[in-house]
There are 2 protein chains.
Amino acid sequence: MCIGIYNTIRMGGLELSLAHALLGLIRYHPTTGYQLKDDFDHSIKIFWNATLPQIYRTLNQMESQCWLKAEIEIQKGKPNRKVYSITEEGLEELQRWLNEPLEKIEQKYSALVKVFFANKADPEKFSGHLEEFRNYYENLLNFYETDQAEIIRKASQDSRACLESEYWKLSADFGIRMAKMIVEWCDEALKIHNNLHEESK
Amino acid sequence: MCIGIYNTIRMGGLELSLAHALLGLIRYHPTTGYQLKDDFDHSIKIFWNATLPQIYRTLNQMESQCWLKAEIEIQKGKPNRKVYSITEEGLEELQRWLNEPLEKIEQKYSALVKVFFANKADPEKFSGHLEEFRNYYENLLNFYETDQAEIIRKASQDSRACLESEYWKLSADFGIRMAKMIVEWCDEALKIHNNLHEESK
DNA sequence: GTATTATATATACCAATGCACATATAATAC
DNA sequence: GTATTATATGTGCATTGGTATATATAATAC
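Remember, it's a predicted structure, so these values are computed and weren't measured experimentally.

*Asks:* Hey, could you run me through the relation of the copies chain B and chain A in this one?
*Replies:* In this arrangement, two copies of a chain are superimposed by a rotation about an axis accompanied by a shift along the axis. Overlaying chain B on chain A yields an RMSD of 0.1 Å, the required transformation being a rotation through 180° with an accompanying axial translation of 0.0 Å. The transformation relating the two chain copies, once decomposed into turn and shift, fits a two-fold axis. Both copies share a contact surface, since 100% of the interface residues of chain B are interface residues in chain A too.

*Asks:* Which parts of the structure should I look at to understand the packing of helix α3 (residues 33-41) of chain A against helix α4 (residues 52-64) of chain A?
*Replies:* Helix-helix packing is characterised by the crossing angle of the two axes and by the distance between the axes. Residues and elements named next belong to chain A. Here α3 crosses α4 at 125°, and the two axes come no closer than 9 Å. Put simply, α3 runs oblique to α4. In terms of crossing hand, the pair formed by α3 and α4 is right-handed. Residue-level contacts link G33, Y34, L36 and K37 of α3 to L52, I55, Y56 and L59 of α4. Considered class by class, the residues forming the contact of α3 with α4 number 6 nonpolar, 1 polar and 1 charged.

*Asks:* Could you clarify how one ought to interpret the interface of chain B and chain A in this entry?
*Replies:* Interface size, as often reported, equals the accessible area lost upon joining of the parts. In this complex, chain B contributes 70 residues to the contact, which on the side of chain A involves 70 residues. Applying the counting rule to chain B against chain A returns 4 salt bridges. The closest approach of N and O atoms between A:K114 and B:E103, which form a salt bridge, is 3.0 Å. Across the contact surface, chain B and chain A share 36 residue pairs in polar contact (both at pLDDT 80 or more).

*Asks:* How should I be thinking about unusual backbone geometry in this particular structure?
*Replies:* Residue and element names in this part refer to chain A. Although it is not a glycine, C66 sits at a positive phi angle of roughly 70°. Mapping C66 onto the fold places it in the loop between α4 and β1 (68-73). When its relative accessible area of 16% is taken as the criterion, C66 is described as buried.

*Asks:* What am I meant to see in the environment of B:I44 here?
*Replies:* As for its placement among the helices and strands, B:I44 is situated in the loop between α3 (33-41) and α4 (52-64). In this structure the C-alpha to C-alpha distance between B:I44 and B:A172, which are 128 residues apart in sequence, comes to 8.6 Å. When sequence neighbours within four positions are dropped, the list of residues in contact with B:I44 reads A:V113, A:F116, B:A21 and B:L25.

Reading the values: rules and limits
Residues numbered from 1 in each chain as written. Chains lettered and ligands numbered in written order. Predicted model: local features only at pLDDT ≥ 70, side-chain atom pairs only at ≥ 80, totals over all residues. Heavy atoms only, no water. Least-squares fit on C-alpha atoms with pLDDT ≥ 70 in both. Contact = heavy atoms within 4.5 Å. Axes fitted to C-alpha atoms, helices over the stretch in contact; angles between N-to-C directions. Helix = DSSP H or I, 4+ residues; strand = E, 2+ residues; numbered from the N terminus. Parallel < 35°, antiparallel > 145°, perpendicular 65-115°, else oblique. Left-handed = near helix turned anticlockwise from the far one by under 90°. Nonpolar A, V, L, I, M, F, W, Y, C, P; charged D, E, K, R; others polar. Salt bridge = Lys/Arg side-chain N within 4 Å of Asp/Glu carboxyl O. Polar contact = N/O pair within 3.5 Å; in protein donor to acceptor, adjacent residues only side chain to side chain. Buried < 20%, exposed > 50% of the residue type's maximum accessible area, 1.4 Å probe, protein only.

The structure is reproduced here in structure tokens:
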């Protein structure tokens, strides 16, 4: 019944993070794809996003892999709920993955490619885009430091989550540092860019 | 002869960065796919990587799009070189793209998902992985601050590149700040993690 | 002498991602 | 009354990305 959808090479790799993120969330309690999307948006969205179709597809693959088992909950009026819970194999796989090395951060920043070639861009427009970029990350920083922090604070009041919440805070702190770094870099970039084009005003 | 391979929706989008990175590099001087891979590795690799097959495929698409024109240079013994140069359309497209807003940074850090669930990982192993992660970014930081800086310094001595090199430095500075931020976060993470598991030693 | 690396251009295939769309109902907002 | 949002599960298609492989030669390293 259980078909290995990932070949052994990929299985040995470290790139199945969406599946593992889902395993991690389902471990807390059995849940549906729709609910998982919501959980995602309120927890690990800041460093991993996923769309609903992606989640549903991955859940199906994980079921074939026997990392999950599903139970159909019949509802009247609404579509039936497909409630997933983690299996023994799923727990083992999550455990295995958690003990693997930390994956390096993929650096794919097309905005920075634009900055690299910005000498040929319109100075006024570029300045505006830098400001907009800066403000986006300042807003994100505010969100992380208020709303996101509140979510974690509330969740950590659950006594079982006491130790766990230290790691939630730690990962959220990464997002905060990242956003802060970007805002600071933008300020520096704006200063340098505006200096270079001062005479042309 | 010129076939629009990207539909109008994608064309209006902002995601064709590999093509635009290539346009930016080819604008300096006509070159081949093989050479472009090398240029990539010595310039914008720190925020955009590409494999050779990807570069060749994209160049073919860009030729169909008429952003580039190709000339075959016959060589004895070695395979013929396909030398691409930028067209008027290519220059216009590059210009258009450079004046578009800066794309937000895609936050997809599976390492941070692992940190989020790290409470269930083996504390000793996790500690080791954090250290390895930290050392990787410390080495990268050293590379950016020495070798990478030297590449930019040398390139900027070309008198035409005087203004341009300010933007090279600015984009490289982003990489430096990023690596620094990660090392600092790791130090904090190691401190907190080790404190939490001190009693178990 | 043998193995590797550099030069040079690709194709095939698989995995991951994202957007649009399909289907269906209930509750709420205006 | 109408529109939107929330609940709930998917399919289809296009793009992007990465690895393996094919082909061919010259130079260098051991």
